[in-house]
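Examining the three-dimensional arrangement
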Amino acid sequence: IGGNVTWIKRGEHAELRFLRGEIKNDQVVTVHVLGEDARILWTWMEVHRKRFLELRDLPDSPYVFPGAARPRFVKDAIALPDGCMAPATMAEVWALGDERIGLGISPHACRHAVATLILAVEPGNFAKAASVLGDT
């Protein structure tokens, strides 16, 4: 949710805060986004998000990645609120970006890569890897 993004320094340092129930491990998680990553997030929020809404003919919503579906995770019986992006849509957007950039990596494989990088820098810090991934 866009309200979960706090800009410490506009375009340079953002704090993302996920509340209980918003991620897999049901804990409050805070992530700091810095430097180039912060600039990319800032540009998305301030420039490209608006164009994404126009191209997809979507109404605005409070979500960083808006959608038109009222997706439901059958597995967990969780219904997400109107205006958020359905997992299938996120997969479609990821595929379009991957086609353009050519990374050849799925979102799930990307999660594994992030965990591996964290553990390479901080061997044995499984708690940090789990926290960053919003998992247990």
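Residues numbered from 1 in each chain as written. Predicted model: local features only at pLDDT ≥ 70, side-chain atom pairs only at ≥ 80, totals over all residues. Heavy atoms only, no water.

Bringing the sheet that holds strand S2 (residues 13–18) into the picture now. As summarised here, the arrangement of the three strands in space is S1-S2-S3, forming an open sheet in which the pairing is antiparallel. Strands with a single pairing partner mark the edges of an open sheet, and in this sheet they are strand S1 (5–9) and strand S3 (29–34). Each neighbouring strand pair of the sheet contributes to a mean axis angle of 25°, computed without reference to strand direction. For S1 and S2, the ladder comprises four bridges, and the chain directions are antiparallel. Note that in S2 the partner of Val5 across the bridge is Leu16. (Pairing = 2+ DSSP bridges. Helix = DSSP H or I, 4+ residues; strand = E, 2+ residues; numbered from the N terminus. Axes fitted to C-alpha atoms, helices over the stretch in contact; angles between N-to-C directions.)

Here we take up the packing of aromatic side chains. In the structure shown here, the tally under the stated rule is three aromatic pairs. With 5.1 Å between their ring centres and 90° between their planes, Trp7 and Trp42 make a pair best called edge-to-face. Note that Trp7 is positioned in strand S1 and Trp42 in helix H1 (residues 35–55), a separation of 35 residues in sequence. Feature note: the residues Trp44, Phe52 and Phe65 constitute an aromatic cluster, connected by ring pairs. (Phe/Tyr/Trp six-rings, centres within 6.5 Å; stacked < 30°, edge-to-face > 60°.)

Turning next to the pattern of salt bridges. On inspection of all chains with the given rule, the structure shows six salt bridges. Between Arg49 and Asp60 there is a salt bridge, with the nearest N and O atoms lying 2.9 Å from each other. A residue pair is termed long-range when its members are at least 10 positions apart, and Arg49 in helix H1 and Asp60 in the loop between H1 and strand S4 (72–73) qualify at 11 residues. (Salt bridge = Lys/Arg side-chain N within 4 Å of Asp/Glu carboxyl O.)

Summarising the element assignment, Gly134 is placed in the segment after helix H4 (126–133). With 116 residues separating them along the chain, Gly134 and Phe18 place their C-alpha atoms 8.8 Å apart.

Let us look at the environment of Asp60. Classification of Asp60 by relative accessible area gives exposed; the value is 55%. Placed 11 residues apart in sequence, Asp60 and Arg49 show a C-alpha to C-alpha distance of 9.6 Å. Reaching out from Asp60, the side chain makes a polar contact with the side chain of Arg49 at a distance of 2.9 Å. (Buried < 20%, exposed > 50% of the residue type's maximum accessible area, 1.4 Å probe, protein only. Polar contact = N/O pair within 3.5 Å; in protein donor to acceptor, adjacent residues only side chain to side chain.)

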